[in-house]
Amino acid sequence: MKAIVVTDQAAGTAGMTLVERPDPQAALNDVVVEVHASGFTPGELTWPSTWTDRFGRDRTPSIPGQELAGVVTARGYGTTGLSVGQRVFGLADGHRGGTLAEYVAIEARNLAPLPADVDFTVGASLPMPGLTAWQGLFEHGRLQAGQSVLVHGAAGAVGAIVSQLAREAGAYVIGTGRTADRLTALDFGASEFVDLENDALEDVGGVNLVFDGIGGDIGRRSAGLVRAGGTLVSIAGPPEARPADGLAIDFVVVPDRAQLGELVQRVRDGRLRTNIGNVATLDDAVAAFNPTERITGKTIINVRP
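The sections below set out a description of the structure shown in this document. All of these numbers come straight from a predicted model, not from anything done at the bench.

Rules behind the numbers
- Throughout this description, residue numbers start from 1 for each chain and increase along the sequence as written.
- Per-residue local features of the predicted model are confined to residues with pLDDT of at least 70, and side-chain atom pairs are confined, for both listing and counting, to 80 or more; whole-chain, interface and lining totals are unaffected and use all residues.
- Side-chain descriptors were evaluated using all non-hydrogen atoms of the structure, hydrogens and water having been removed beforehand.
- Comment: elements are numbered from the N terminus, with helices defined as DSSP H or I runs of at least four residues and strands as E runs of at least two.
- For the radius of gyration, the atoms used are the C-alpha atoms, and the globule rule reads 2.2 Å times the number of residues raised to 0.38.
- Think of it in three bands: residues with accessible area under 20% of the maximum for their type are buried, residues over 50% are exposed, and the middle band is partly exposed, with areas taken using a 1.4 Å probe on protein chains only.
- Note on contacts: a residue pair is in contact if any heavy atoms of the two residues lie within 4.5 Å.
- Computed with the Shrake-Rupley method and a 1.4 Å probe, the accessible areas treat only the protein chains shown as cover for residues.
- The reported arc concerns the directions from the helix axis to the C-beta atoms and nothing else.
- Salt-bridge detection follows one rule: a side-chain nitrogen of Lys or Arg within 4 Å of a carboxyl oxygen of Asp or Glu.
- The pairing criterion is simple: DSSP has to find at least two bridges between the two strands.
- We call a crossover right-handed when, viewed with the strands running away from us, the connection from the first strand over the helix to the second turns clockwise.
- Here is the rule: rings of Phe, Tyr and Trp (six-membered ring for Trp) pair when centre to centre is within 6.5 Å. Planes less than 30 degrees apart are stacked, more than 60 are edge-to-face, and the remainder are tilted.
- To obtain each axis, a line is fitted to C-alpha atoms, and for helices this fit is confined to the stretch in contact; angles are then taken between N-to-C directions over 0 to 180 degrees.
- Oblique is the label for any angle not covered by the other classes, which are roughly parallel (under 35 degrees), roughly antiparallel (over 145) and roughly perpendicular (65 to 115).
- Charged residues are taken to be Asp, Glu, Lys and Arg, nonpolar residues to be Ala, Val, Leu, Ile, Met, Phe, Trp, Tyr, Cys and Pro, and polar residues to be all remaining types, Gly included.

## A word on the overall build of the protein chain
A count of helices and strands for the protein chain gives eight helices and 15 strands. Against the 2.2 N^0.38 benchmark of 19 Å for 305 residues, the protein chain shows a C-alpha radius of gyration of 19 Å, consistent with a compact globule. Each of the three principal axes of the protein chain carries a C-alpha extent, and together these read 55 × 40 × 35 Å. Among the 305 residues that make up the protein chain, the fraction classed as buried is 51%. At a minimum sequence separation of 6, the contacts of the protein chain that also span at least 24 residues come to 64%. On the protein chain, roughly 12900 Å² of surface is accessible, and the fraction owed to carbon and sulfur atoms is 50%.

## With respect to helix α6 (residues 216-223)
Among all positions in α6, only I218, G219, S222 and A223 are buried. Along the long axis of α6, the arc covered by the buried residues comes to 135°, so they all point the same way. Packing partners of the buried residues in α6 comprise β8 (148-151), β11 (207-212) and β12 (226-234).

## Observations concerning the pattern of salt bridges
Scanning the model with the defined rule gives 18 salt bridges in all. Because the salt bridges share partners, they merge into one network encompassing E168, E262, R266, D269 and R271.

## Describing the environment of P115
Tracing the backbone shows P115 in the loop between β7 (111-113) and α2 (120-125). For P115, a relative accessible area of 18% translates into the label buried. Separated by 29 residues in the primary sequence, P115 and Q86 place their C-alpha atoms 9.5 Å from one another. What P115 contacts, discounting residues up to four positions off in sequence, is R87, V264 and R268.

## Points about the pairing of strand β9 (residues 172-177)
Taking burial as the measure, the six residues of β9 include five buried ones, the bulk of the element. In terms of strand pairing, β8 meets β9 through four bridges, oriented parallel. From the neighbouring strand, V149 faces β9, where its bridge partner is V173. Between β8 and its parallel partner β9, the chain crosses via helix α4 (residues 157-168), and the hand of that crossover is right-handed. Sheet topology note: the β9/strand β10 (residues 192-195) ladder contains four bridges and is parallel. Each residue of the ladder has a partner; that of T176, found in β10, is V194. For the handedness criterion, the β-α-β arrangement of β9, helix α5 (residues 182-187) and β10 is classed as right-handed.

## Looking at the packing of aromatic side chains
All chains considered together, the criterion is met by two aromatic pairs. Taking the centre distance of 4.7 Å and the plane angle of 55° together, the rings of F40 and F289 count as tilted. Of this pair, F40 sits in the loop between β3 (30-39) and α1 (48-51) while F289 sits in the loop between α8 (285-288) and β15 (298-302), and the two are 249 residues apart along the sequence. A relative accessible area of 3% places F40 in the buried class.

## A look at the packing of helix α3 (residues 127-140) against helix α7 (residues 257-268)
Two elements in contact, α3 and α7, have axes whose closest approach is 10 Å; the angle formed by their N-to-C orientations is 110°. Classed by the angle they form, the pair α3 and α7 counts as roughly perpendicular. Note on element contacts: α7 touches α3 through Q259, L260, E262, L263 and R266, opposite P127, G130, L131, W134, Q135 and E139. Counted by class, the contact of α3 with α7 contains five nonpolar, three polar and three charged residues.

Note that all results are geometric; they support no functional claim without further evidence.
Here it is in structure tokens:
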């Protein structure tokens, strides 16, 4: 099969190459999925799990990619809940990855059915941003109706879904980003926009929840905006500052079939849109992951265009 592999952590996305690899086999509780579309988060190439297994052993050449949509072609021994020929989407284990390929072996529990009226490109764009937004808002951020949420990077793949889910839950959403991101952030559900290049972040005042996908100085300053009892949720690494009377949390997203089902139902009925910035073929994937200009939104690889 064709697959994208990486062997040199220091090379980043520039070190990606398209090669031929053996077809994967389904182990206990696995399925093999014929990948139709795949998503990729560039940060994967900085994660130890991309380069070593759970015992610290080198596992290169690694096939990156954790997000996929496709069709089940084989089941391993003991696998239940999915059938051969079924359309699925989901999130691979970080120590396995493998979705930037024509086929991938993945734990069945990490997948959910993909309804026939949701195309594979959209299905592949949903798992990482959608689960990150859902878990950050509702599990870690304990968001309630009537609260206010400050979403950093509101025009990005994750931020766009955070804004939509928070607004649907009855929260007031303030998005942030660069000047050029204003219209996109507002289109995806923010009621206000803070231009981080020109506006004073502190003018936002107090909020109940900060969802931080930027970190650094923005993350530090945001801690002071969290109201008593509120939460700063970071997906940009451990927060460098904590709210005076609140919580600071960073977390790693985990696969969850039930949450994937909640997310895809919202896509089906028009309550949720994913933010796709670029679509490319597997042959053009390396170039797509090394763009010459900034792309807002997620890059999706249509493995079977």
